[in-house]
Structure formats: C-alpha cells, structure tokens
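A look at the structure
Take a look at the letters that make up each chain.
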Amino acid sequence: MPPRPARPRELVGTVFRGSAAIRSGRLTRHQLQSSAWQRLFPDVYACAGLPVTHELRTLAATRFLLPGAVASGRSAAVLWGVELAGPDDPVELTVAPVCRGGSVRGVLVSRRALLEEHVFGRRGVPTTTAMRTALDLASIRPLDEAVVALDQFLAPGLVFLDEVRAAAAGLLGRDCRWVRRVVQLADGLAASPQETRLRLLLMRAGLPAPVAQYRVRTATRLVARVDFAWPEHRIALEYEGKWHGEPQNVEKDRRRLNDLSAMGWQVIFVTAADLRDPTRLLTRLASLLGSPRSA
C-alpha cells in the first residue's frame, strides 16, 4: 500500500535533504516515499508541487549535493535566462580541484580553481559570471555546438562579442586555442540554433558571406527582417522553423513574403532536411549568387 502523504508546513514548496527531514522528525523514511515528494538526486528531494526545471535541479545540486559548487556551462546559462539545458539534462558544476565529491548521475563536474570575480549569485545559486559562462560555452565539443551555444548566449546582450573575443585573446593553457576559434566563428545574431548551423554551412561552402538579420526597407517603412540576405542580389534566406507554420503567423508571413516579392526579392526557405543534406541548397545558391540582380 502506498504511503499516505504527509506534508509538514516547513517542507512545502522547498528542496531538502531527506536524511535531515528524517533526523528532525518531520518525516519518516516511509513518508518520504509518498507522492508528496519527488527525488531529484540521492537524498535530495523537492515538494511535488514544484515544477522540476533545470534551474531547480541546479539549485538542489549546489545547495545540498555539492555545497560550494558553482553552476557553470549550460547550467549557468539557464540561470542567466538562456535556456541551453532542459529539465533532464545534466547539471554542470565547477568545484575546487581538492573537492572529492561529484560522482552522481545527472551531474557533470569540472574541477578547477575559479577566481572570486568569476562567481556571481544568480537566483540564489552561485553561478559563473556572464563572461566566464560565455568562455566556458566556447569550450564545448564539437565545434558547431560550441558556436551554437555561444550565439544563443550572446543574443540577449548579457555580454558582447567584442568583449568575449578580447577575453579569449588573453586566455592561457588548456582549450585556449579552441575557445578563440569558437568566438571568432560566433556572431551573436542568430535567433535560433538552426540559424547558426545554417550560417556555418554557408561559410564552409565558400559562398559569399550573407548579412545576418538584414532589414529590408522602403523609403518609408520596414518591410521585413530576414535571417540572411545578399542585398546586391536581392536574395533572402530564411530558416523555416515551427514559427512559420503556426496558424497565427500564416497571414502575416504571407503578406511579408508578397511585399518582398513585389520589391524584386527572391526568398529561399531552408528546412531541417536541407541542413542534413545541403547539396541541392548549396548548388542553387551558388547559381543564384553568380551575378548581382539589377536594382
């Protein structure tokens, strides 16, 4: 028979150590297994009424699992408001080199010394600063995923690309060359991960560099902002994600496309299938970019 839920007032809406709740007499071991509580990590529980987000799991890990740990990498990005990790993704923490703990399922631990100025309190969790987080994201493997993560982190303006490049230039030791390579490839303009992947694809294909987030205007108004553009050719490239197909956006999207066509622009839509097998897309673009279109 399932244990009857017991909800001491002091534990409602909180994260806590199960062993501490038992020692204090607030719960029995049997009651801890009831539907009132959800297990986040070994001996770390949360009230069942709390949504299990990556932020909650990060708070639990730094407060109870590895006290003194600092949220870093993708987990730090989440605490800075950039959703680079989901509820089930590993919590990324940095601990001092002498720390012995950390071998826990669902937690990735980096052992290194962090300067005090590299740590900042975010939402009650010790977190790497925006700059340190950006540099850590640039160390992700493989290369494209590092650029994707850094682009997403740069987009809200938490830290600026020129500042990150300057900081990367001064790095020494392990990963410094890799990080510098990643920050040179980032532009911080992508509205989605797939836009970054598309930009890297175009670059590696040797095509002329497009202008990202280009604004097409008339003399009096903004007609559209397109993901990528070659203005001299009047060619726009758009990644066709879920947004374009949502009913509330169809009318607006069609009007925007008609306005671009009326101005002599050709819009090419790119799908996930094109990124998996880009041969046709790249061949078409190479042909279209052969010579500028007349104004």
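Attention in this report is confined to the structure presented alongside it.

Procedures and definitions
Residues numbered from 1 in each chain as written. Predicted model: local features only at pLDDT ≥ 70, side-chain atom pairs only at ≥ 80, totals over all residues. Heavy atoms only, no water. Helix = DSSP H or I, 4+ residues; strand = E, 2+ residues; numbered from the N terminus. Rg over C-alpha atoms; globule rule 2.2 N^0.38 Å. Buried < 20%, exposed > 50% of the residue type's maximum accessible area, 1.4 Å probe, protein only. Contact = heavy atoms within 4.5 Å. Areas by Shrake-Rupley, 256 points an atom, 1.4 Å probe, with all protein chains shown as cover. Lys, Arg positive; Asp, Glu negative; His and termini not counted. Charge placed at Lys NZ, Arg CZ, Asp CG, Glu CD. Phe/Tyr/Trp six-rings, centres within 6.5 Å; stacked < 30°, edge-to-face > 60°. Axes fitted to C-alpha atoms, helices over the stretch in contact; angles between N-to-C directions. Parallel < 35°, antiparallel > 145°, perpendicular 65-115°, else oblique. Left-handed = near helix turned anticlockwise from the far one by under 90°. Nonpolar A, V, L, I, M, F, W, Y, C, P; charged D, E, K, R; others polar.

Some thoughts on the overall build of the protein chain
Scanning the protein chain from N- to C-terminus turns up 13 helices and twelve strands. Compactness check: the protein chain gives a C-alpha radius of gyration of 24 Å against a globular reference of 19 Å for 295 residues, more than 25% above the reference. Counting only C-alpha atoms, the protein chain reaches 80 × 50 × 35 Å along its principal axes. Residues classed as buried in the protein chain amount to 43% of the 295 residues present. For the protein chain, contacts bridging at least 24 residues in sequence account for 58% of all contacts bridging at least 6. Accessible surface computed for the protein chain: about 16,000 Å², of which carbon and sulfur atoms make up 52%. Separation of charge centres in the protein chain, based on 41 positive and 28 negative side chains, amounts to 5 Å.

Quick notes on the packing of aromatic side chains
Taken as a whole and judged by the stated rule, the model has four aromatic pairs. When the centroid spacing of 5.6 Å and the interplanar angle of 25 degrees are considered together, the rings of W80 and F120 count as stacked. Linking W80 in the loop between α4 (73-79) and β5 (91-95) with F120 in strand β7 (residues 119-122), this pair joins segments that are 40 residues apart in sequence. When its relative accessible area of 14% is taken as the criterion, W80 is described as buried. You can call F120 partly exposed: its relative accessible area is 43%.

With respect to the packing of helix α6 (residues 143-154) against helix α8 (residues 176-185)
In the contact formed by α6 and α8, the axes pass within 9 Å of each other and the chain directions differ by 60 degrees. Overall, the two elements α6 and α8 adopt an arrangement that is oblique. The two elements α6 and α8 meet at a crossing, and its hand is right-handed. Together, L143, A146, V147 and L150 of α6 and W178, R181, V182, V183 and L185 of α8 make up the contact between the two elements. A breakdown of the residues in the contact of α6 with α8 according to their chemical character gives eight nonpolar, no polar and one charged.

Re unusual backbone geometry
With an omega of -5 degrees, the peptide bond between R141 and P142 qualifies as cis. Mapped onto the secondary structure, P142 falls in the loop between α5 (130-137) and α6. The residue D43 is not glycine, and still its phi comes out positive at about 70 degrees. With respect to the secondary-structure elements, D43 resides in the loop between β2 (37-41) and β3 (44-47). Despite not being glycine, D175 has its phi angle at roughly 75 degrees, a positive value. Tracing the chain through its elements places D175 in the loop between α7 (161-169) and α8. On the basis of relative accessibility, which here comes to 26%, the residue D175 falls in the partly exposed class.

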